[in-house]
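Listed here are the chains, written in short residue letters.
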Amino acid sequence: MGSYTPGLKVTPAALLRFERRLPLKGEVVVKEGERVAWDQVVARTDLPGRVEMVNLANKLGVDPSELEARLFKKVGDSLDKGEVLAKSKGLFGYFQTPFRSPITGKLESVSATTGQVILRSPPRPISMSAYVDGIIESVEPNQGVTVKTFGSLIQGIFGLGGETSGVLECLASEADQTLRPEDLEAAHKGKVLVVGRIVTAAMVRRAAELGVSALIAGGVEDADIRELLGYDLGVAITGNERLGVTMVVTEGFGGLPIAGKTFGLLKDRVGARASTSGATQIRAGVIRPEIIVTDLESDWEKEAEEPPDLELAIDAPVRLIREPHFGRLAKVVELPVQPERIPSGAKVRVAEVELTDGTRFRVPRANLELIEG
Amino acid sequence: MADKSKIRSILATDCGSTTTKCILIELGEDGYRLAVRGEAPTTVEAPAEDVTQGVLNAVREVSELIGRPLLDDKGKLIRPYDSEKNQGVDIYLSTSSAGGGLQMVVGGVVREMTAKSAEKAALGAGAIVMDVLAVNDGRLPHEKIELIRQLRPDMILLAGGVDGGTVKHVVELAQVVGAADPRPRLGMAYELPVIYAGNKDAAGDVEETLGGKTALELVENLRPRLEEENLQPSRLKIQEQFLEHVMAHAPGYPNLMAMVDEEIMPTPAAVGSIMETIAKRDGISIVGADIGGATTDVFSVLGETFNRTVSANYGMSYSFSNVYAEAGHQQVMRWVPFSLDERELRNRIKNKMIRPTSIPYLLEELILEQAMAREALRLSFEQHKSLVTGLKGVQKGSDLTALFGLGDGGEDTLINMLEVDMVIGSGGVLSHAPRRHQTAMMLIDSFLPEGVTTLTVDSIFMMPQLGVLAAVHPEAATQVFERDCLIYLGDCVAPVGRVKEGQTVLKMSFDSEVVELKAGEMKVISRTREEGPLKVVLEPAPGLDVGAGRGKPVERTVYGGVVGMMLDGRGRRPFGFANAVKELSEEVRLARLKTWNQALDLYPEEAKVG
């Protein structure tokens, strides 16, 4: 009973759903029940083109109310860049100065109040892929789809870079192995690579050069993140970085071995195609980076694991998420009800945990993360 | 809602971005008192994506601690309180800042005039202002359009033009918003609420431009004349739209709205209302802060004027890393009484950010968090000061600087710390500091009180809940506030001016005693509030001011508190420790921190650290 800290999902076999929504209304190009591949387009839309606002009344030296009469085009008409849109009155009909359209597009609006005209470039088409192999479970007309699939899901704690896909390969033989950039080779092009306890800035650069799809590691130094981004990451909203490779870390900042269960699962799925995203949002509506390996041929309903129990309970497997035992895995052995004093001097609710080597100690419940899945 | 006279048991939650806090207030023989408090992580995000799960977890903890069922078998609140079965509560209330709070973009014609008034109106309503658009903000129309699209605010407030003034510029701004065709942050299913509070003569044109594209609402001009602000109608409309549109689309909020007996209040609005109540009741000027996980809200009540700002990206969990990025390594490290490798510090800060609900276990980590809290509070207070300025555009003689909004900023602020009577701290890091002495020192270091200032703290972080309760049951709210919420840490005396090493900066005499305070020194005189008022004569050194003017002695009545009376001889304007890492050697910096920490008995265990 009581509080719990929801953890990261590490599930070998589960029913998974992915919402694929367009940023603006558009067209869904697949049907409910249809089987889709990870790189198949499921929906597309046109992003509105760039807008150019010009105070044309000022430019022509006329009152806004007279503007419409000076225009050669009507609202909704198409325009080419350089095409004359209007002319000033000039002197007795002479010396008229033309105003040429700065862009190719359409005349969107003309305001008789402000003298402002709005020109808009042609829309930019964008398409959205399925991201994972699966089946279209539902269609939200004009907005997007939900792709249902079956397979392994590993949530990371922090990542950089957007969605990508590749064949999973485990470069690290142990979860706490440290690799060097030189360990990445040309043969790794297009792959999703598990690189052990730490990913460095030099490794990310090397991976990008080689065309590696994604790197998965236990940890990363914040100093390396700053080196890669060129600035201090303040609010963690990531996913749009253009590093040339996607990065997913599973444990946290600093060099940290990948949790045993996570590493084991990654090793089990070597050779399969993994869809992965580094997008992280650590605030309202948390988004965690993820690695998905689908397994469409299994019996979905039968093999899906029970949803995890989110209660912090005796025997629950946990990860310690704060010093002094940061990153260690343990299980809960006792949950005292009354708050207890900890070395910082604070009185908080605690849990007694036992490490894999049998060592027992008490830590704040808030510093435990349930290992789910 | 139940008959007020029969309310015996009140349950109230505050759904923060990180933690959902729940308190239970019960009517006993001596009136309403806080009975118990519980908390649980907020569950706005996956996997739960329903704020009520966190609420129910927090209620369960309260139920467990008080040993009485509050929820039935189906997990529903038992209402009303049943004395025979000893179960349930009479009413349930809630505030919320979860889901990122209310995020707004505001706009006006001139950045320092109508746009600033719009910003104040939005902040006053408890919003986070993501950006301020103005005709003169130096950005091209297409840049503004792109920005609105990217930001995806929950709501837009448009102002501009005094009544009878410019129409053209206001409509231009509306056209920018219209061209952006903005979509709200949460879901595509509803139209973005836009509130127009500008020149009434432009209302028709604005309606024509935005009426079909957005959920447009027209309210009274928030700046009807240059010398007048009328922010209340906009504030009320913002709060109404917040509940109607934004909250209704946040994960689980329809459920929470159905659970509560009164409307959910945005957390900053609730805390602000309780601070305003205290200032009015005691006839004092107050500066207060509520430091949360994602945001820090700062409040000031100066005479009749109430101001509130929400610093969106300064906080102790989600925004932890941003505080470090904005303050810089040196500013954080100046408060840390041991050396720490920058690489290591960076990793620790990021690890807290990605696991925002974790708490410091070792003393060394607590000290680090409290250093970060000082910087988060300082940055938020600076932001507040820069917004609390006189009305720009009001011509004072030939003061063109004011007319054009030049020279705006800290030096222009209406907040004079010498005139502030009380500083109130609230929020986890202040309310739950293991020692109140630590809270007092964090408040002193970040707000730099001047002259004589009473320092207080929200005992267990329950001002939001009392704020919403005050709107429903003022009597219960006041009783709990006085008895269980506000803790008096003690009065702080700080002479203002540049202090010189070795100089005696202040003499304080009372009864037959004289206390001397040296430059750079901190002292605590042990005295509780229960010992009553103490008449003292404060004699500042020449050039220094404690309220009566430079070098002038003053007689004051001061009080102690749970910490005592605190004397701060470190100087103000400038504060002698402002650039400690740059200006002092590591040895001197550490030595100073050590003596202050000892003087205030901050970390009795410090010997074990480092």
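Higher on the page you've got the structure.
All of these numbers come straight from a predicted model, not from anything done at the bench.

**Some words on the overall build of chain B**
If you tally the helices and strands in chain B, you get 19 helices and 22 strands. Each of the three principal axes of chain B carries a C-alpha extent, and together these read 75 × 75 × 50 Å. Counting all 610 residues of chain B, 59% fall into the buried class. For chain B, contacts bridging at least 24 residues in sequence account for 71% of all contacts bridging at least 6.

**Brief notes about the interface of chain A and chain B**
Of the residues lining the interface, 52 residues belong to chain A; the matching set on chain B comes to 57 residues. Taken together, the elements giving at least two residues each to the side of chain A that touches chain B come down to strand S5 (51–55), strand S10 (116–120), helix H4 (222–229), strand S20 (246–253) and strand S29 (360–364) of chain A. Here the side of chain A that touches chain B gets three residues from one element, more than from any other, and that element is S5 of chain A. Looking at the side of chain A that touches chain B residue by residue, the classes come out as 27 nonpolar, 15 polar and ten charged.

**Considerations on the environment of Ala202 of chain B**
All names here are of chain B. Tracing the backbone through its elements, the reader meets Ala202 in the loop between strand S8 (193–196) and helix H5 (203–210). The spatial distance from the C-alpha of Ala202 to the C-alpha of Ala174 is 10.0 Å, given a sequence separation of 28 residues. Non-local contacts of Ala202, meaning those with residues more than four positions away in its chain, are made with Gly161, Val167, Val170 and Val171.

**Some details on helix H11 (residues 342–354) of chain B**
Helix length check: H11 of chain B, at 13 residues, gives a terminal C-alpha distance of 18 Å against a target of 18 Å (1.5 Å per residue), a fit within 8%. Within H11 of chain B, the full set of buried residues consists of Arg346, Asn347, Arg348, Ile349, Lys350, Asn351, Lys352, Met353 and Ile354 of chain B. Summarising the contacts, the buried residues of H11 of chain B are in contact with strand S14 (158–160), H4 and S20 of chain A together with helix H9 (320–327) and helix H12 (363–387) of chain B.

**A short note on the sheet that holds strand S12 (residues 296–302) of chain B**
Residue and element names in this part refer to chain B. What the eight strands build is an open sheet, ordered S13-S12-S11-S14-S15-S16-S22-S19; its pairing is mixed. Each edge of the sheet is formed by a strand with only one pairing partner; in this case those strands are strand S13 (305–311) and strand S19 (522–525). Averaged over neighbouring strand pairs, the angle between their axes works out to 20 degrees when direction is ignored. Inspection of the sheet shows S19 paired to strand S22 (residues 565–568) by four bridges, in the antiparallel sense. Each residue of the ladder has a partner; that of Met522, found in S22, is Asp568. Running at roughly 25 degrees to S12, helix H8 (residues 267–282) makes contact with strand S11 (286–291), S12, S13 and strand S14 (422–426) of the sheet.

What counts and what doesn't
Residues numbered from 1 in each chain as written. Chains lettered and ligands numbered in written order. Predicted model: local features only at pLDDT ≥ 70, side-chain atom pairs only at ≥ 80, totals over all residues. Helix = DSSP H or I, 4+ residues; strand = E, 2+ residues; numbered from the N terminus. Buried ≥ 20, exposed ≤ 12 C-beta atoms within 10 Å, placed from the backbone. Contact = placed C-beta atoms within 7 Å. Nonpolar A, V, L, I, M, F, W, Y, C, P; charged D, E, K, R; others polar. Expected span 1.5 Å × (residues − 1). Pairing = 2+ DSSP bridges. Axes fitted to C-alpha atoms, helices over the stretch in contact; angles between N-to-C directions.

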